[in-house]
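Structural features, examined
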Amino acid sequence: MKILFIGDYSNLHTTLAGELRRMGHQADVMSDGCGHMNLSADFYIKREAGLLGGGKYLYQLFEILPKLKGYDVVQLINTNFLSLKPQKIKYFFDRIKEQNGSMFLSLAGNDYYYCKACYDGKILRFSDFKIGNEFTPGHQEKPNHLFGWLSYHNKILAEHIYSEINGAMAVLPEYELATKHILGDKVFFTNLPIDLSEIPEVKTKQDEKIKLYLGIRSWGEIFKGSRILKNIALEIEKDMPDKVEVEIVKDLPFKEYLSRMAQSDIVLDQLYAYSPAMTALYGMSLGKVVATGAQPEYYDYIGNPTERPILALSPFDKDIKERLINLVLNPDELKLRGQQGRKIVVENNDSKIVANKFLEHWNNKA
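Residues numbered from 1 in each chain as written. Predicted model: local features only at pLDDT ≥ 70, side-chain atom pairs only at ≥ 80, totals over all residues. Heavy atoms only, no water.

1. What about the overall build of the protein?
Just so we agree on the cut-off: Under the DSSP-based scheme used, a helix requires at least four consecutive residues in state H or I and a strand at least two consecutive residues in state E, with every element numbered from the N terminus. Only C-alpha atoms enter the radius of gyration, while the globule expectation follows 2.2 Å times N to the 0.38, with N the number of residues. Throughout, exposure labels follow a simple rule: accessible area from a 1.4 Å probe, protein chains only, divided by the maximum for the residue type, with under 20% read as buried, over 50% as exposed, and the rest as partly exposed. A contact between two residues is defined here by any heavy atoms of the two lying within 4.5 Å.
Looking only at helices and strands, one finds 15 helices and 14 strands in the protein. Computed over the C-alpha atoms, the radius of gyration of the protein is 20 Å, within 12% of the 21 Å expected from 2.2 N^0.38 for a compact globule of 366 residues. Counting only C-alpha atoms and orienting by the principal axes, one finds that the protein spans roughly 60 × 45 × 40 Å. Looking at the protein residue by residue over its 366 residues, the buried ones come to 56%. Taking the intrachain contacts of the protein between residues at least 6 apart in sequence as the baseline, contacts between residues at least 24 apart amount to 70%.

2. Structural notes on the state of the cysteines
For the record, the criterion: The disulfide criterion is simple: two cysteine sulfur atoms within 2.5 Å.
Under the counting rule described, the total for this entry stands at zero disulfides. For the unlinked cysteine cysteine 115, the closest cysteine sulfur is that of cysteine 118, found at 5.6 Å.

3. Focus on helix H15 (residues 351–365)
Filter applied, for reference: Take the residue count of a helix, subtract one, and multiply by 1.5 Å to get its expected span. It is the directions from the helix axis to the C-beta atoms that the arc portrays. Between N or O atoms, a polar contact is any pair within 3.5 Å; within protein, one atom must be a potential hydrogen donor and the other a potential acceptor, and residues adjacent in sequence are included only when both atoms are from side chains.
Here H15 is 15 residues long and its end C-alpha atoms lie 21 Å apart, about the 21 Å a rise of 1.5 Å per residue gives. Taken together, the buried positions of H15 are Ser351, Val354, Ala355, Phe358, Leu359, His361 and Trp362. The buried residues of H15 occupy one face: seen down the axis, they fall within an arc of 165 degrees. Exposed residues on H15 whose side chains face more than 90 degrees from its buried face are Asn363 and Asn364. The backbone nitrogen of lysine 352 lies 2.9 Å from a side-chain oxygen of the residue at the head of H15, namely aspartate 350.

4. Here's the deal with the packing of helix H11 (residues 278–285) against helix H14 (residues 331–348)
Short version of the rule: Angular values range over 0 to 180 degrees, each being the angle between N-to-C directions of two axes fitted as lines to C-alpha atoms, with helices fitted over their stretch in contact. In this scheme, a crossing is called left-handed if the near helix is turned counterclockwise away from the far one by less than a right angle; it is called right-handed if the turn is clockwise. Three residue categories are used. Nonpolar comprises Ala, Val, Leu, Ile, Met, Phe, Trp, Tyr, Cys and Pro, charged comprises Asp, Glu, Lys and Arg, and polar comprises the others, including Gly.
Their axes nearest at 7 Å, the elements H11 and H14 cross at an angle of 115 degrees. Relative to H14, the crossing made by H11 is left-handed. Contacts from Leu281, Met284 and Ser285 in H11 reach Gly338, Gly341, Arg342, Ile344 and Val345 in H14. Of the residues that constitute the contact of H11 with H14, the class distribution is four nonpolar, three polar and one charged.

In short, geometric facts, not functional conclusions.
Structure below.
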């Protein structure tokens with residue numbers, strides 16, 4: 001099979017492309033290298049700031065467009081898969097669809113329908129934007145972020161793409177929950193892929209300070225709860241300087257990000273998520289304890305395992321600091337949870353497993 005991935009978030013499409021190549025398929029990726037992550041791409045295209053940057057970006061797209069043809073499957077990272085206004089994205093979507101086989105969508109990150117579910121507050125109990133009926137601090141600080149996703153032009157684009165695609169892959173349960181009523185049997189839960197062959201398990205240290213690790217992305221800092229988790233971690237370090245060390249990193253290249261994570265013990269990720277996303281899954285694959293979203297819905301989607309090693313976070317929690325301290329003081333529990341977390345990734349997120357789910361959906365819906 002000949003597959004084209006357009007766009008990438010947090011190594012999702014790049015990981016899948018690598019696994020599919022090992023399976024004997026042709027898989028190409030067009031992306032901007034996922035910004036500061038510096039990922040590889042077969043067709044590299046990045047928009048620079050300003051009018052000149054926009055013009056150059058359009059020129060590159062028209063130059064690349066004739067090469068993006070003859071694929072059996074095109075997999076888009078998002079409805080807004082190009083750094084353009086929705087009207088222009090619709091034009092390129094139609095052109096790409098005309099010159100290829102089946103069109104599929106990765107439900108990853110924000111789009112109109114996911115953000116509408118967050119705003120309505122009927123499907124999801126909380127999100128980056130709302131906690132029950134109240135807006136999150138991030139939304140209150142930058143309300144235009146959510147309302148931009150809910151704009152008329154983004155609505156028209158999402159309606160068009162959702163109606164024209166053959167199928168969609170929900171990489172986290174919350175994306176399927178938010179879109180199932182729109183996509184019906186077009187949507188299929190796949191989970192996120194981790195290439196475990198590149199990530200040996202690193203054991204938790206027992207004879208040094210416990211290191212809490214928090215990776216921050218500038219664009220998502222106020223929406224993921226990073227500030228709250230950072231403050232909690234620093235409070236613990238201040239209270240327990242002989243036992244705890246905190247490392248906070250920002251916008252690192254992917255390889256360096258993982259290398260630094262490997263030296264930690266507890267990985268702090270998201271406060272407003274239902275499920276562990278890429279950072280948490282990489283932490284689990286390294287044998288670390290992760291503190292992130294792990295709502296009952298997540299465990300339902302992966303078969304309700306009896307072992308639930310993630311330190312589950314939500315914006316309703318008032319005892320995050322106390323639970324983290326309890327982990328710091330119990331190294332045996334840290335070790336056990338780390339082993340259990342690695343097992344969850346091996347059983348559910350191995351790139352071979354996830355790539356086969358993508359292949360299954362392509363074959364069923366093409």
